[in-house]
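Summary of the model geometry
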Amino acid sequence: MRYFAFIDRDIVLRSDGTELTEEDLEKVGEACGRTEDFVEEATGIRCIGLKDAGLLPEGYKRHPLRFYFAAQTEQVIQQASRAKALLGWRQQTQFCPRCGARLSDHESLTARVCPECQNLIFPRIEPCVIMLIHRDDKILLARNVNNKNGMYACLAGFMEAGETAEQAVCREVFEETHLRIRNLRYFGSQSWPFPAQLMIAFTAEYESGDLQLQSEEIADAAWFDPLHLPEVTPPPGSIAHRLIEAAVRKAELKNNK
Ligand SMILES: [Zn+2]
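Conventions adopted
Residues numbered from 1 in each chain as written. Predicted model: local features only at pLDDT ≥ 70, side-chain atom pairs only at ≥ 80, totals over all residues. Heavy atoms only, no water. Salt bridge = Lys/Arg side-chain N within 4 Å of Asp/Glu carboxyl O. Helix = DSSP H or I, 4+ residues; strand = E, 2+ residues; numbered from the N terminus. Buried < 20%, exposed > 50% of the residue type's maximum accessible area, 1.4 Å probe, protein only. Disulfide = S-S within 2.5 Å. Pairing = 2+ DSSP bridges. Phe/Tyr/Trp six-rings, centres within 6.5 Å; stacked < 30°, edge-to-face > 60°. Domains from an automatic or database assignment. Contact = heavy atoms within 4.5 Å. Buried area = accessible area lost by both parts, 1.4 Å probe. Donors = N, O, S within 2.8 Å, 3.2 Å for Na, K, Ca; no water. Tetrahedral: all angles 85-135°; square planar, octahedral: opposite > 155°, others 65-115°.

**Some points on the pattern of salt bridges**
In total, this model carries 19 salt bridges according to the counting rule given. The salt bridge involving Glu19 is made with Arg2; its shortest N-O contact spans 3.1 Å. With Glu19 in the loop between β2 (10-14) and α1 (22-32) and Arg2 in strand β1 (residues 2-7), this residue pair connects regions lying 17 residues apart in the sequence. Residue Glu19 is classed as partly exposed on the basis of its relative accessible area, which comes to 32%. Here Arg2 falls in the buried class, since its relative accessible area comes to 19%. Arg82 is the salt-bridge partner of Glu40, the closest N and O atoms lying 2.6 Å from each other. Within this pair, whereas Glu40 is found in strand β3 (residues 34-40), its partner Arg82 is found in helix α3 (residues 74-92), the two being separated by 42 residues in sequence. One network of salt bridges, in which partners are shared, links Glu26, Glu30, Arg34, Asp37 and Arg46.

Printed below as a string of C-alpha cells:
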C-alpha cells in the first residue's frame, strides 16, 4: 500500500522528500482536515485530500505533483496519478447528474452509484492532444498567454466530441498557428491528473502556411533549433519534455555525424 495526501495540485511529502507512511497520513489528515479519504486495494493506494494547507505540521512539505513525477518509477507515477485523479473525481462527483440525489460509493467497483435511480458513474478521463511540429531541422514551440514564467512548450489542446486524436491535432495546430501539417506519428501518452487529462502525444511535419497566432491562447510561437532552445521549456516529468528531448537527441546525432 502506498499513501498519498494532496493539496490542490501538490503532493504532500516528508521534509526530506520521501513518501508518506500510514502514520504520516493520519498525522497530516488530523492537522489539516480531510476532504476525502479512500482506499483502492486493487491498485494499492490510500489517498486523502487535505483541507487547510496552512496547518501542515512541521516535518512535511508540499511539492508540485508534476515535478514529483520526474524522479519516480513508472509504478509510483501510475499510483500517484491514479490517486490524484480519483481524488479529484470524488470531490467533483457528489450528486447524481440525472436526478440530483447524493451519490454513494459502489460496493466493489471504483464507481459511484445513485441510491434513487441506480445511475452508475465511473471516473472520467479527458483526452488531450499534444504535438511537436518539425520543419526541416527546427521545431515549433509556443508560449501560452497564461504562462507566467516565459516557458516555451508544445502546442496542445482538448479533444472535441466526435473527433479522432489525429483530427484534433490538425485542428488545434491550425486554430493556434494557422499552419497545415502532415505525417502525424503517435509518440506516446501520459496520465495528467490536473484534473483528469490523458495527454496523447504526436510528432508531425510542417506542410504549409505562415505562422499566424491565435492571440487569446498563444503569446508567441517560433521555430527553434533543438540545440538552441529557449531558456525555459517544460520540466522533466511531462510528456512535453519527452517530446522535446527526443528532438534534441535527434539533432545531436545529426550534428555528430
Ligand atoms: Zn440518480
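**Description of the state of the cysteines**
Covalent bonding between the sulfur atoms of two cysteines is what defines a disulfide. Inspection of the entire model under this criterion finds zero disulfides. Free cysteine Cys170: the closest other cysteine sulfur is in Cys154, separated by 16 Å. Given a relative accessible area of 33%, Cys170 falls into the partly exposed group.

**Focus on the sheet that holds strand β8 (residues 120-121)**
Strand order in the open sheet made by the three strands is β6-β7-β8, with antiparallel pairing throughout. Looking at strand neighbours, the two that pair on one side only are β6 (104-105) and β8, the edges of this open sheet. Relative to β8, strand β7 (residues 112-113) is paired through two bridges, and the arrangement is antiparallel. Paired with Val113 across the two strands is Leu120, which belongs to β8.

**Things to note about the packing of aromatic side chains**
Counted under the stated rule, the structure contains six aromatic pairs. Residues Trp192 and Phe194 carry aromatic rings whose centres are separated by 4.9 Å and whose planes lie at 70° to one another, so their mutual orientation is edge-to-face. Each member of the pair, Trp192 as well as Phe194, carries the same accessibility label: buried. Ring geometry for Tyr206 against Trp223: centres 5.8 Å apart, planes inclined by 90°, an arrangement best described as edge-to-face. Linking Tyr206 in strand β13 (residues 197-208) with Trp223 in strand β14 (residues 218-224), this pair joins segments that are 17 residues apart in sequence. On the basis of relative accessibility, which here comes to 14%, the residue Tyr206 falls in the buried class.

**Quick look at the domain arrangement of the chain**
Split into domains, the chain comes out as domain 1 (2-92), domain 2 (93-124) and domain 3 (126-256). When each unit is reduced to the centre of its C-alpha atoms, the spacing between domain 1 and domain 2 is 24 Å. Of the residues lining the interface, eight residues belong to domain 1; the matching set on domain 2 comes to ten residues. When domain 1 packs against domain 2, close to 710 Å² is buried across both sides, 45% of that on carbon and sulfur atoms. Together, Trp89, Arg90 and Gln92 form the three largest contributors to the area buried by domain 1 at its contact with domain 2, with a combined 73%.

**Considerations on the coordination of the zinc ion**
Protein-derived coordination of the zinc ion comes from Cys96 (SG), Cys99 (SG), Cys114 (SG) and Cys117 (SG), at a distance range of 2.3 to 2.4 Å. Around the zinc ion, the four donor atoms are arranged such that angles at the metal cover 99 to 120°; this shape is classified as tetrahedral. Between the donor residues of the zinc ion, the gaps in sequence give the motif C-x2-C-x14-C-x2-C. Of the two residues, Cys99 is situated in the loop between α3 and β6 and Cys117 in the loop between β7 and β8; the sequence distance between them amounts to 18 residues. Residue Cys99 is classed as partly exposed on the basis of its relative accessible area, which comes to 42%.

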